[in-house]
Amino acid sequence: MGYYDLLPRPLSELLEEYPYIEDFLSSFGLEVESETGSLQDYLENLAPDLLEDLGISAEQLRQSLHDFINGMLALDDPLDKVNSLTLIGGVDKSGMAENLELTLKPGEVICIVGPTGSGKSRLLADIEWVAQGDTPTRRKILINGEVPDSKWRFSTEHKLVAQLSQNMNFVMDLSAEEFIRMHAESRLVTEPEEKVAKILAMANELAGETFLPDTPVTALSGGQSRALMIADMAFLSQSPIVLIDEIENAGIDRKKALDLLVREEKIILMATHDPILALMGDKRLVIKNGGIARIIESSEAERKNLIALEELDNKLLALRNRIRLGETLEDV
Amino acid sequence: MRFLTVSGPPSSGKTSVILRVIEALQARQRKIGVVKFDCLLTDDDQLYAKKGVLVRKGLSGALCPDHYFVSNIEACVKWGHENGCEYLISESAGLCNRCSPHIKEITAVCVIDNLSGINTPRKIGPMLKSADIVVITKGDIVSQAEREVFASRVKQVNPGAVIMHVNGITGQGAFELTSLFEDASNIETLKGKTLRFSMPSALCSYCLGETRIGEEYQTGNVRKMDI
């Protein structure tokens, strides 16, 4: 079913069934008032002067509506499941071959380490672009073992990668609840209220300090913001791959956050230099001079050390808390 | 010569995006020309010149900037062609949001930023709504959810466009955008071409320099609000 099937149907009926059509029309400045005719009649009866004022031609409006409706209907199509992502090595900045083939599966956590400027962003960008030897690194990305459909490159609703960047601000003047609802609505989620409640509950579980649904997003702490976005990624984002640029050790339970994304079957790539996060990963990709120089699998000995590191970390967190509560640290 | 019109609201990051694309095109040994249109003042031509590309600047001054654009762009294309440019990029700001420099069959790019607010896409006319490529900038300073909501708002008003996220500072996404530039329209002249959409017009006494306010001074194409 598509645009041409909807054209002869009564507009009032369509607006009931597909409320986004009204949203579309209003975003062009068009109003719908007690229409009796079909969608086709409506489009044909729009006055040319009105369209001229609104800055759109009748022909282009139809084309846009066509693309929009077909795009929205396609949202209902089941998403191709990503069972694996394969990275076929290219070359580093000096042209040296990487000589590797690495397959990542849902639920895996891969850390990316290397100094600033070493090429971490390029690696993440290669994945996002589903590179086919056409980027400076000449890397190739396969999905489910095959050269993927190019729709992954340009689709806004079926994006392969969701990215959690390090500097993350909210600019919208909305409460946490309104904000998540708006996001859910933009994704045409069927039961938005249920999803919103689930995301807020999870964000509160991840965040060190709890917040209320009516807290403005701009008033959330760094940890709370991250917790909210990680819960949002886990439950709302369709993207099978998550790129995380460091999770700061403040105000968020990082282990729980990672576990949540793992449970939701995401492939997680995380740029980090934090020893605890790095050891929580299954593998570490060491980036040097633009290329993947080495792949380190977290060893048994390292995992043992992780326990000691976590103890250290908890101790520091406890001290933080004491400072927050106005205590002194004469005895640590 | 490949020719593209790049437009977008003021301060959306047009120049930064074009500079990042120029770097990527230069890595492919391409010869590039840029025409920068502005109203009163711009130093961006120096930024382009520093990159070693050919640059021309046009200031519209007391004229409507988009009318100025369309009266000059043919000569600019001729200039680019005569100077052996493989790429010519025109940069102009859509100041009233109803203007658009986009030309039929010429690859049209609109640059818009995440910080401009989620209602901005619907407020911008043909400059955004008829573009072939929409570049969204400043994604690194907002959350993933805001990026998605903003992109869906852009998609709503221009569902046929390729929507790309480019970071004008780090250049993330610029390489990918450049590969779309490589597919841009190939032309020698703009002769016979038409704009994608008519430009707003006035042709009233104020166009001719009238400054006094009042019914008796208003002649020509005047429209009244319903108050």
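Residues numbered from 1 in each chain as written. Chains lettered and ligands numbered in written order. Predicted model: local features only at pLDDT ≥ 70, side-chain atom pairs only at ≥ 80, totals over all residues.

Side note on the nonpolar core
One broad trend across soluble globular proteins is that nonpolar side chains are buried collectively. Ile230 of chain A together with Val134 and Val135 of chain B are the most contacted members of the largest nonpolar core, which has 124 residues in total. Apart from the residues lying within four places of it in its own chain, the contact partners of Val135 of chain B are Val17, Val109, Val111, Met164, Val166 and Leu177 of chain B. Of all hydrophobic cores here, the second largest spans 8 residues; its members include Leu6, Leu39, Leu65 and Phe68 of chain A. (Core = buried A, V, L, I, M, F, W, Y, C linked by C-beta atoms within 7 Å. Buried ≥ 20, exposed ≤ 12 C-beta atoms within 10 Å, placed from the backbone. Contact = placed C-beta atoms within 7 Å.)

As for the sheet that holds strand E7 (residues 162-165) of chain B
Residue and element names in this part refer to chain B. Read from one edge of the open sheet, 7 strands run E3-E2-E4-E1-E5-E6-E7, paired in parallel fashion. One side of each edge strand has no neighbouring strand; the edge strands of this open sheet are strand E3 (54-59) and E7. Pairwise comparison of adjacent strand axes, ignoring direction, gives a mean angle of 20° for this sheet. Summarising the sheet, strand E6 (residues 133-137) and E7 pair through 4 bridges and their orientation is parallel. Looking at the pairing, Val134 lines up with Ile163 of E7. Most of the contacts of helix H1 (residues 14-27) go to strand E4 (residues 87-93), to which it runs at about 170°, and overall it touches strand E1 (2-8), strand E2 (32-38), E4, strand E5 (107-113) and E6. (Pairing = 2+ DSSP bridges. Helix = DSSP H or I, 4+ residues; strand = E, 2+ residues; numbered from the N terminus. Axes fitted to C-alpha atoms, helices over the stretch in contact; angles between N-to-C directions.)

Points about helix H10 (residues 192-206) of chain A
Residues and elements named next belong to chain A. The end-to-end C-alpha distance of H10 is 21 Å, a good match for the 21 Å that 15 residues give at a rise of 1.5 Å each. Those residues of H10 that fall on the buried side of the exposure criterion are Val196, Ile199, Leu200, Met202, Ala203 and Leu206. Looking down the long axis of H10, one finds its buried residues gathered within 165° of arc, a one-sided arrangement. Turned more than 90 degrees away from the buried face of H10 sit Glu193, Glu194 and Ala201, all of them exposed. In this fold, the buried residues of H10 make contact with helix H9 (176-186), helix H11 (222-235) and helix H12 (254-263). (Expected span 1.5 Å × (residues − 1). Arc of directions from axis to C-beta.)

Re the interface of chain B and chain A
Across the boundary between the two partners, chain B contributes 34 residues, which contact 39 residues of chain A. Those elements giving two or more residues to the side of chain B that touches chain A turn out to be helix H5 (126-129), helix H6 (144-157), E7 and helix H7 (174-181) of chain B. At 10 residues, the largest contribution of residues to the side of chain B that touches chain A is made by H6 of chain B. Each residue belonging to the side of chain B that touches chain A can be placed in one class, and the counts come to 14 nonpolar, 12 polar and 8 charged. (Nonpolar A, V, L, I, M, F, W, Y, C, P; charged D, E, K, R; others polar.)

Concerning the domain arrangement of chain A
Each assigned domain of chain A is listed here: domain 1 (3-74), domain 2 (104-129 + 147-298) and domain 3 (301-332). One C-alpha centre belongs to domain 1 of chain A, the other to domain 2 of chain A; they are set 36 Å apart. (Domains from an automatic or database assignment.)

So, the environment of Ala62 of chain B
All names here are of chain B. For Ala62, the position within the fold is in the loop between E3 and helix H3 (65-82). Assessed through the 8 C-beta atoms surrounding it within 10 Å, Ala62 is described here as exposed. In this structure the C-alpha to C-alpha distance between Ala62 and Asp38, which are 24 residues apart in sequence, comes to 11 Å.

Focus on unusual backbone geometry
All names here are of chain B. Even without being a glycine, Gln29 presents a positive backbone phi close to 60°. One can find Gln29 in the loop between H1 and E2. Positive phi is not limited to glycine here, since Asn97 has a value of about 70°. Assignment of secondary structure puts Asn97 in the loop between E4 and E5.

A word on the packing of H9 of chain A against H6 of chain B
When two helices pack together, their arrangement is given by the angle between their axes and by how far apart the axes lie. It is the contact of H9 of chain A with H6 of chain B, at a shortest axis distance of 9 Å, that shows an interaxial angle of 45°. One way to sum up the angle between H9 of chain A and H6 of chain B is to call them oblique. Seen from above, H9 of chain A lies across H6 of chain B with left-handed handedness. Each of Phe179, Met182, His183 and Ser186 of chain A in H9 of chain A lies in contact with H6 of chain B, whose residues at this interface are Ala145, Glu148, Val149 and Ser152 of chain B. (Parallel < 35°, antiparallel > 145°, perpendicular 65-115°, else oblique. Left-handed = near helix turned anticlockwise from the far one by under 90°.)

Things to note about the sheet that holds strand E1 (residues 85-88) of chain A
Residues and elements named next belong to chain A. The strand order across the open sheet formed by 3 strands is E2-E1-E4, and the pairing between neighbours is antiparallel. The open sheet has two edge strands, strand E2 (101-104) and strand E4 (140-143), and neither has a second partner. For this sheet, the mean inter-axis angle between neighbouring strands, taken without regard to orientation, is 20°.

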